[in-house]
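Letter by letter, the chains look like this.
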Amino acid sequence: MQDMLIEVRKELVSLLRKELLGPGSEISIPDDEHEIISDLPETRYSVGILYPQNNEMEWETDNNEIPSKMGPQTMDEDIEDLLEDVTDDDKFSDSDRLALNGNTEDEYEVEYVDNETLDDEIGLSAQLRPSSMGLTFFIDREPWKLTFHISFGTYRRVRVEECRLPFYPTNPETYVFPSKVSRFVDYSRELGCIVLREKLSRKDVRMLKLSGEVGDDYLLDCLFRISDQCTRGFIREPHQTSVTIEFEEGKSIYEVDNIDGRPLKLMVLKRAERSGMIAITAMLINTAKGGYDGTNSVFQPKIELVSDEKSDFRFCSYVGRNYSNRLDEEEESLELLYRNKKVYATGHGVSVDWKIDENGCGRLWTEFLPFDEVPQMDFTVEGLDENVLSMKFLSDLDSTSKDEKIAVMKKLVDLYSTWINDITKKGNSLEERYKSAVQRHIADCKHAARRMYYGLDLLQKDNIAYTAFQLANRAMFMQRIHSKMQRTERYPGDKEVQDELKELNYYNIDDQEYAWRPFQLAFLLMSIKSIVEEKCE
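In what follows, the accompanying structure is described. Everything quoted here is computed from the prediction, not taken from an experiment.

In space, the 3 strands of this open sheet follow the order β7-β9-β8, with antiparallel pairing throughout. Looking at the sheet topology across the chains shown, the edges are occupied by β7 (164-166) and β8 (185-188). Strand after strand, the sheet turns through a mean of 25° between neighbouring axes, direction not considered. Taken together, the 3 bridges between β7 and strand β9 (residues 193-196) define a ladder with antiparallel strand orientation. Paired with Pro166 across the bridge in β9 is Cys193. Sitting on the sheet, helix α7 (residues 217-232) touches β7, β8 and β9, and the angle it makes with β7 is about 145°.

Encoded structure:
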């Protein structure tokens with residue numbers, strides 16, 4: 001069952017990717033990489049598009065003003081800090097002012113561009129209709145070259161002879177089109193598809209239908225669809241190339257134009273960090289200008305880098321690196337909680353993913369639709385009495401004494417307090433920059449423990465509160481039983497369900513399936529004070 005659910009999830013993710021990012025939103029021959037879509041690509045897809053620059057865009061604002069154009073946006077603060085050491089003119093050598101021919105893998109021309117221009121290019125990734133995307137990552141040493149593996153798709157108007165659509169007649173071996181239809185299309189038995197012979201419009205299809213010669217609804221539907229391809233279709237052209245940047249001493253910024261013969265350029269910034277690591281920022285920019293028309297945007301762009309045993313560099317994680325002291329309390333807490341999670345790159349207008357081993361070897365790439373599997377939580381608490389989480393045990397359906405039930409619950413809080421003491425010692429051994437967050441977290445934990453002890457004390461002293469606590473557990477126990485009964489398809493007023501409910505004896509039902517998770521019971525104990533005491537904070 002679980003394997004089937006995993007396969008369903010994979011299929012759902014794949015379909016979502018095809019629909020939002022592409023390619024593959026329509027059934028295409030020979031494959032998704034060369035898909036034909038019957039809409040403008042910029043309206044068909046929602047993400048992963050680099051629009052032409054200075055693209056006019058109308059949008060509504062609170063004051064109903066409509067700006068005529070979207071200008072470059074402010075760079076990410078982290079990137080501003082990253083670049084601040086290379087903004088002064090004296091940081092560049094004379095060679096930085098000159099264009100030079102780089103000996104790259106594809107013999108692209110490499111030129112210097114000033115830092116202000118790079119700021120603008122990064123800013124293009126923050127627009128509502130972005131014209132750039134890229135990433136910043138770190139490596140362990142000064143490289144003499146880096147190879148960027150780049151892939152993307154472009155679209156152009158489809159030609160008549162390229163229009164084709166899957167077609168599955170009931171008798172494929174002997175199937176023949178009606179004579180009026182065969183003027184427009186052929187049937188390829190080998191490919192299992194209709195192939196267009198001459199231009200076909202929806203009007204032509206309607207005329208075929210009115211002629212009475214075509215009565216097959218399936219054939220008519222296919223003719224309408226292939227006519228859409230013919231009159232408004234775009235065909236995808238996949239691009240894959242590698243660009244090698246060879247670095248020079250004293251030079252920081254590089255530019256490569258006309259990637260794979262398209263108006264697309266790669267800009268790369270190299271900067272040395274005080275730690276000895278090298279920061280690399282790479283941006284892909286659509287250099288086309290004006291409004292989009294389906295042919296001048298770049299789709300599904302991707303930048304990938306690889307470090308292996310033959311490479312002269314290794315990827316470096318930069319968890320804990322602070323570009324500034326601007327962290328607020330939430331950011332400090334996140335930095336503490338995820339201090340052991342390694343981060344190898346930051347995306348600009350896109351996410352980044354990686355598969356990198358402990359030695360810094362592996363792959364790193366941009367990703368518009370990132371996903372990851374979140375591990376299931378383990379709610380096991382060692383040393384905990386098995387009855388303490390039972391809803392039935394804590395309710396009035398169980399005859400165990402109040403003192404014994406409260407003692408069992410107190411054991412849960414005692415274990416929590418012991419855990420707090422353990423993490424306090426661990427927190428005190430961490431670096432100074434974590435101390436502020438550690439102190440806040442420990443204080444919050446101790447406050448929660450005190451609230452739980454106080455709740456147990458109220459249950460011990462206040463019989464009404466204890467009775468209410470038991471009834472609450474009984475209500476939850478009954479509700480969970482009823483929910484299990486409803487797992488099969490039942491309807492309100494179902495007589496069979498009503499009869500089952502009448503015959504239920506809750507005292508005799510086993511409680512193994514109906515239990516709290518530790519944090520749920522802890523929350524219930526924390527809440528008792530605010531329920532019982534009207535003036536509770």
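Here we come to the side chain of Asn286. Mapping Asn286 onto the fold places it in strand β13 (residues 278-286). Given a relative accessible area of 0%, Asn286 falls into the buried group. Engagement of the side chain of Asn286 in a polar contact is seen with the backbone oxygen of Leu50, the distance being 2.8 Å. Looking at Asn286, its side chain comes within polar contact range of the main-chain oxygen of Asn296, at 3.0 Å. Not counting chain neighbours up to four residues away, the residues in contact with Asn286 comprise Leu50, Tyr51, Pro52, Gln53, Ser131, Pro263, Leu264, Asn296, Ser297 and Val298.

Now for the packing of aromatic side chains. Describing an aromatic ring pair means giving the distance of the ring centres and the angle of the ring planes. This model, assessed by the stated rule, comprises 16 aromatic pairs. Ring centres of Phe177 and Tyr187 lie 6.4 Å apart, and the angle between their planes is 75°; on these two criteria the pair is classed as edge-to-face. In this pair, Phe177 sits in the loop between β7 and α5 (179-182) while Tyr187 sits in strand β8, placing the two residues 10 residues apart along the sequence. Through a chain of ring-to-ring contacts, the aromatic side chains of Phe167, Tyr175, Phe177, Tyr187 and Tyr218 assemble into a single cluster. The positively charged end of Lys251 is found above the aromatic ring belonging to Tyr254, 4.7 Å away from the centroid.

Glancing now at the side chain of Thr366. The residue Thr366 is located in strand β18 (residues 362-367) in this model. Engagement of the side chain of Thr366 in a polar contact is seen with the backbone nitrogen of Ile303, the distance being 3.0 Å. Once residues lying within four places of it in the same chain are set aside, the contact partners of Thr366 are Met133, Gly134, Leu135, Pro301, Lys302, Ile303, Val350, Ser351 and Val352.

Rules of the game
- Residues numbered from 1 in each chain as written.
- Predicted model: local features only at pLDDT ≥ 70, side-chain atom pairs only at ≥ 80, totals over all residues.
- Heavy atoms only, no water.
- Pairing = 2+ DSSP bridges.
- Helix = DSSP H or I, 4+ residues; strand = E, 2+ residues; numbered from the N terminus.
- Axes fitted to C-alpha atoms, helices over the stretch in contact; angles between N-to-C directions.
- Contact = heavy atoms within 4.5 Å.
- Buried < 20%, exposed > 50% of the residue type's maximum accessible area, 1.4 Å probe, protein only.
- Polar contact = N/O pair within 3.5 Å; in protein donor to acceptor, adjacent residues only side chain to side chain.
- Phe/Tyr/Trp six-rings, centres within 6.5 Å; stacked < 30°, edge-to-face > 60°.
- Lys NZ or Arg CZ within 6 Å of the ring centre and 35° of its normal.

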